[in-house]
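Examination of the molecular architecture
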Amino acid sequence: MFRDLFKYYKSKAPPPDLSSVLHIDDESENIIKKQPLPCSNELENQLQSLGLVPSLNWKLYGHAEHAGLFILKNPFTDDGAYSWIKRCLSEYPSHPNKCNLHSHNLLFPNENWWDVCHKDAERGLLLFDKLRWVTFGYHHDWDSKVYSDSNKSEFPKELACLISCLGQAIGGWDVRAEAGILNIYHMNSTLSGHTDRSEPNHTAPLFSISFGQRAIFLIGGRKLEDKATPIMLENGDILIMSGESRLCYHGVPRIIPTPWPKGDEYIQFLSRARINLNIRQVLNVDQTTL
Ligand SMILES: O=C(O)CCC(=O)C(=O)O
Ligand SMILES: [Fe+2]
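Residues numbered from 1 in each chain as written. Chains lettered and ligands numbered in written order. Predicted model: local features only at pLDDT ≥ 70, side-chain atom pairs only at ≥ 80, totals over all residues. Heavy atoms only, no water.

Turning to its location among the elements, Asp17 is positioned in the loop between helix H1 (2–10) and strand E1 (31–34). Sequence separation of Asp17 and Arg274 is 257 residues, and the distance between their C-alpha atoms is 21 Å. Among the polar contacts listed, one links the side chain of Asp17 to the backbone nitrogen of Ser19, at a separation of 2.9 Å. (Helix = DSSP H or I, 4+ residues; strand = E, 2+ residues; numbered from the N terminus. Polar contact = N/O pair within 3.5 Å; in protein donor to acceptor, adjacent residues only side chain to side chain.)

Laid out in structure tokens, this is it:
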């Protein structure tokens, strides 16, 4: 059951036994190997320019007990992953996007979190570990959970393009990225079990891209009583909740310390953090506003 497993994997004392956590590219009877759809040369070129390896080399999986769930194991080139990490840390946490530090008046509206942290030693000390979320496109309202046409900014173009291309190549879907959350996890962060239902469109798949430290991602069914599966999500992995799994319970009970290479300040940030880009289509196909 979702709640019990979440508690089990979250526990500090005693720490959980991780041997049942699914490593999706190991052999297991429930894991289904999938193929991306044939891509046109144009789509293949676009994917390449967005930092991905050719789709022929993708490792794409489904799960027998979670219909509609896809996991694409890190399809990024090293340079491609680096560009996305850099965008997440130095571009996305600034105007017109919103973040927890702007909404708590710890940053002025025109201030960029990464720049402040690297140019102002005193404030950097205070703010470096305090970024938790950034929203863009239709801004997620953490209290009301309701999107509004009056609380919306431009969705980053290259990220919308990445989601559209992935949608075409994986499921033949025509996905419009309209709302995004960048979640930032530190080593003791968790994300409680929930379903994502704020979007009027409950059929367009939800995309989740992770970088940095590994996480246990717990996915259940539509009811909390349904069977849940703990899956290890690693640097670069892309998880897609389509079809039946779109409205299923999920959460992150634990971040798992991960061997990490040395590198510049972007890479170093991820030696003790995980970032997750969570992208949704909000509107139904025939809608242009809410
Ligand atoms: O961090 C993750 O893997 C999941 C995030 C998520 O479920 C959400 O933002 O709604
Ligand atoms: Fe979610």
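Close contacts around ligand 1 come from 13 residues, with Asn183, Tyr185, His250, Arg274 and Arg280 the closest. His250 places a polar side-chain atom, nitrogen or oxygen, 3.0 Å from an oxygen atom of ligand 1. At 2.9 Å from an oxygen atom of ligand 1 is found a side-chain nitrogen or oxygen belonging to Arg280. Alone, ligand 1 offers 300 Å² of accessible surface; in the complex the protein occludes 97% of this. Those elements that place two or more of their residues in the shell around ligand 1 are strand E6 (179–186), strand E7 (191–194), strand E12 (250–256) and strand E13 (273–280). Tallied by class, residues from the shell around ligand 1 come to four nonpolar, six polar and three charged. (Near = heavy atom within 4 Å. Areas by Shrake-Rupley, 256 points an atom, 1.4 Å probe, with all protein chains shown as cover. Nonpolar A, V, L, I, M, F, W, Y, C, P; charged D, E, K, R; others polar.)

This part is about the packing of helix H2 (residues 41–49) against helix H7 (residues 157–171). Between H2 and H7, whose axes approach to 10 Å, the crossing angle comes to 135 degrees. In this view, H2 runs oblique relative to H7, as classed from their interaxial angle. The element H2 and its partner H7 pack so that their crossing is left-handed. Between H2 and H7, the contacting residues are Leu43, Gln46 and Leu47 on the first element and Cys161, Cys165, Leu166, Gln168 and Ala169 on the second. Each residue belonging to the contact of H2 with H7 can be placed in one class, and the counts come to six nonpolar, two polar and no charged. (Axes fitted to C-alpha atoms, helices over the stretch in contact; angles between N-to-C directions. Parallel < 35°, antiparallel > 145°, perpendicular 65-115°, else oblique. Left-handed = near helix turned anticlockwise from the far one by under 90°. Contact = heavy atoms within 4.5 Å.)

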